[in-house]
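If you want the building blocks of each chain, they are given just below.
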Amino acid sequence: MKLVYEGTQVPVQIGDVVHVDNTPYYIEGIVKPHKPGSTGRVYCISMDERKYFNEWFPSVVGAVWIDRTDQ
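Residues numbered from 1 in each chain as written. Predicted model: local features only at pLDDT ≥ 70, side-chain atom pairs only at ≥ 80, totals over all residues. Heavy atoms only, no water.

Notes on the environment of serine 59
- Positionally, serine 59 belongs in the loop between strand S5 (53-56) and strand S6 (63-66).
- For serine 59, a relative accessible area of 56% gives the class exposed.
- The spacing of serine 59 and proline 36 is 23 residues in sequence and 16 Å in space, taken between C-alpha atoms. (Helix = DSSP H or I, 4+ residues; strand = E, 2+ residues; numbered from the N terminus. Buried < 20%, exposed > 50% of the residue type's maximum accessible area, 1.4 Å probe, protein only.)

Brief notes about the pairing of strand S4 (residues 41-46)
- As paired strands, strand S3 (residues 23-31) and S4 are joined by six bridges and run antiparallel to one another. Residue pairing in the sheet places isoleucine 30 in a bridge with valine 42 of S4.
- Here four bridges tie S4 to S5, and the two strands are oriented antiparallel to one another. Counterpart to isoleucine 45 in the pairing with S5 is phenylalanine 53.
- Hairpin geometry of S4 and S5 is characterised by an intervening segment of six residues between the two adjacent antiparallel strands and by a positive phi of about 55° at lysine 51. (Pairing = 2+ DSSP bridges.)

Description of a nonpolar patch on the surface
- Residues Val17, Tyr26 and Met47 make up a contiguous nonpolar surface patch of about 230 Å² in total accessible area.
- Relative to the assigned elements, methionine 47 resides in the loop between S4 and S5.
- Overall, the relative accessible area of 33% leaves methionine 47 in the partly exposed class. (Patch = residues over 30% accessible without salt bridge, like charges linked within 9 Å, V, L, I, M, F, W, Y side chains within 5 Å. Areas by Shrake-Rupley, 256 points an atom, 1.4 Å probe, with all protein chains shown as cover. Salt bridge = Lys/Arg side-chain N within 4 Å of Asp/Glu carboxyl O.)

Quick notes on the packing of aromatic side chains
- All told, the structure shown has two aromatic pairs when counted by the stated rule.
- Each ring, one from tyrosine 25 and one from tryptophan 56, has its centre 4.9 Å from the other, and the planes form 90°; the classification is edge-to-face. Of the two residues, tyrosine 25 is situated in strand S3 and tryptophan 56 in strand S5; the sequence distance between them amounts to 31 residues. With respect to class, tyrosine 25 is no different from tryptophan 56; both count as buried.
- An angle of 15° between the planes, with centres 5.9 Å apart, marks the rings of tyrosine 43 and phenylalanine 53 as stacked. You can see tyrosine 43 sitting in strand S4 and its partner phenylalanine 53 sitting in strand S5, a full 10 residues away along the chain.
- Taking relative accessible area as the criterion, phenylalanine 53 reaches 54% and is therefore assigned exposed. (Phe/Tyr/Trp six-rings, centres within 6.5 Å; stacked < 30°, edge-to-face > 60°.)

Put into structure tokens, the structure is as follows:
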């Protein structure tokens, strides 16, 4: 199973820059789904001086899991 950006199929990697509501974030962590109905999570930190930490569903950053064998 691999997390990729939906439009390009490029793998999501730690350190990637993504934009949510026009705010840039670094990808800080990725958690795989723990059961068939789960989507997993993507952990991000804002690039501004406040360093907000966020946890989102992969779809929020435009990502999807491919090659899942649990569904």
